[in-house]
Amino acid sequence: ICMDTQEKLDILSRDAQYDLSCACGTKNPLEHRRRKESGEGWLYPLSTASGGAGIILKTLMGNRCVNDCKYCPLRSQNDFRAVAVGASEMASFFYRFQLQRPLLGLFLSSAVMGDPEKTMQMLVDTARILRVTYQYKGYIHLKIIPGASQASIDGALKYASAVSLNIETPGEKHFDNLTERKNYLRDIIAPLKYIASVTGKGTTHPRVKTTSQFIVGASDENDREIVSYCNAMYRNLHMERLYFSSYQRGLGDPRIPGETRAPTIMRQTGELFGGDVSGQMSLMREHRLYQTDFLLRKYHFDSKEILFGKDGNLSLEKDPKLVWAEAHPEYYPVSANNGTLDQLLRVPGIGPEYAKRIVKARLCGRFHVMDDLPLPQYAKKKSSGYLFV
């Protein structure tokens, strides 16, 4: 049966859901921010590394993979309907689609079809056609296929707004739990180092943003290991942003650690995890890692300041900033009138924007009572005891 492009992309964009490279919402950490819209594929809210925001069309170019990633439902051992879209077909569909509705851009990935070079060429050709033939100026994010050559990476960087290569795990030992065909140093680390050498200020591709992603919980890594790798990637690989994708239990090889270990039932402050205890905990763990990532990127925390439990994991019950605050009572309270920006950023309930508001507002005069602070009531309540005027 011949399928048209829409039918193929309905399947491919559905399969792209397993690559959850969109940060979870902070208001409801137990709910992924993705939605299906009237038969038109998966549309994702996206905050780009450069600060843009909007809806992107996210899809694969093909779903039949030669790799054996044991956490992935699309691994080579599984039997499912193979679908692929050519470069011209994909470019034409996306260009017409984005003319009909406002989209930030395209997030294009693929299973490894045949070999990394062939697959990378399909991705690059799609971006080239959009840029050259259709004169498309919008956002294009291309996934770099593990094991891609430097020449293929250069081709992607020529046309992409951003590129990413999933690091997957913090270290070779955990990586080897999840695959027998890929090599961590050759297929992941070497390309990541090359991307870092040719992107960023003073390089051949200064405007291309770079990101990566951890698959959290498929292996037996702990949060301390992930955060340590995050710190090294920001420092040494100049990453714009790191993402965390909670492993979806039940989709992988039943022998991997993410399937074999028994989930520990834990309590949330003020609520119990519901029916799917393991799934709820996985999403909360992902959320805590995103909060920690924000502490490193936006709150001027050093990775050595992040506090972990005896098992090396972040608390599921409290956000990592509150954990630090409770462990350092000598630091508080911070003066709203005299505290530095960095000191204010350590106050629970105060983020970068609220800290800047306080600093700006006190140029006009001192605060006398808490109600003078340019903060919403929930922030004043959360910072109570940690902030004074």
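Preceding this section is the structure that the text describes.
As the structure is a computational prediction, the values presented were derived from the model and not from experiment.

*Asks:* Please explain the nonpolar core as it appears in this structure.
*Replies:* In summary, soluble globular proteins display a tendency toward joint burial of nonpolar side chains. Residues Y71, I144 and F214 are the most contacted members of the largest nonpolar core, which totals 100 residues. For this core, the element with the most residues is helix α6 (residues 184–198), which contributes 8 residues. When near neighbours in sequence (up to four residues on either side) are disregarded, F214 contacts I167, E168, T169, P170, I226, Y229, C230, M233, L242, Y243, F244 and S245.

*Asks:* Looking at this structure, I do not really get helix α10 (residues 320–327). What am I missing?
*Replies:* Residues spaced three or four apart along an α-helix point in a common direction, a consequence of the helix completing one turn every 3.6 residues. Regarding α10, the residues found buried are P320, K321, W324 and A325. For α10, the angular spread of buried residues about the axis comes to 140 degrees, placing them on one side. With a side-chain oxygen lying 2.9 Å from the backbone nitrogen of K321, the N-terminal cap of α10 falls on D319.

*Asks:* Sorry, what's going on with the side chain of T119 here?
*Replies:* Inspection of the secondary structure puts T119 in helix α3 (residues 116–133). Excluding its chain neighbours within four sequence positions, the residues that come into contact with T119 are S110, A111, V112, M113 and I145.

*Asks:* In this structure, what is going on with unusual backbone geometry? I would like to understand it.
*Replies:* It is generally the case that most residues other than glycine have a negative phi and that most peptide bonds are trans. Omega for the bond connecting Y332 with P333 falls within 30 degrees of zero, at -5 degrees, which places this linkage in the cis form. Here P333 is to be found in the loop between α10 and β11 (334–335). Its identity is not glycine, yet E168 carries a phi of approximately 75 degrees, on the positive side. By the element assignment, E168 lies in the loop between β6 (162–164) and α5 (172–176). Its relative accessible area of 3% is what places E168 among the buried residues. Backbone geometry places H300, a non-glycine residue, at a positive phi of 65 degrees. Inspection of the secondary structure puts H300 in the loop between α9 (277–297) and α10.

Rules and cut-offs
Residues numbered from 1 in each chain as written. Predicted model: local features only at pLDDT ≥ 70, side-chain atom pairs only at ≥ 80, totals over all residues. Heavy atoms only, no water. Core = buried A, V, L, I, M, F, W, Y, C linked by side-chain atoms within 4.5 Å. Buried < 20%, exposed > 50% of the residue type's maximum accessible area, 1.4 Å probe, protein only. Helix = DSSP H or I, 4+ residues; strand = E, 2+ residues; numbered from the N terminus. Contact = heavy atoms within 4.5 Å. Arc of directions from axis to C-beta. Polar contact = N/O pair within 3.5 Å; in protein donor to acceptor, adjacent residues only side chain to side chain.

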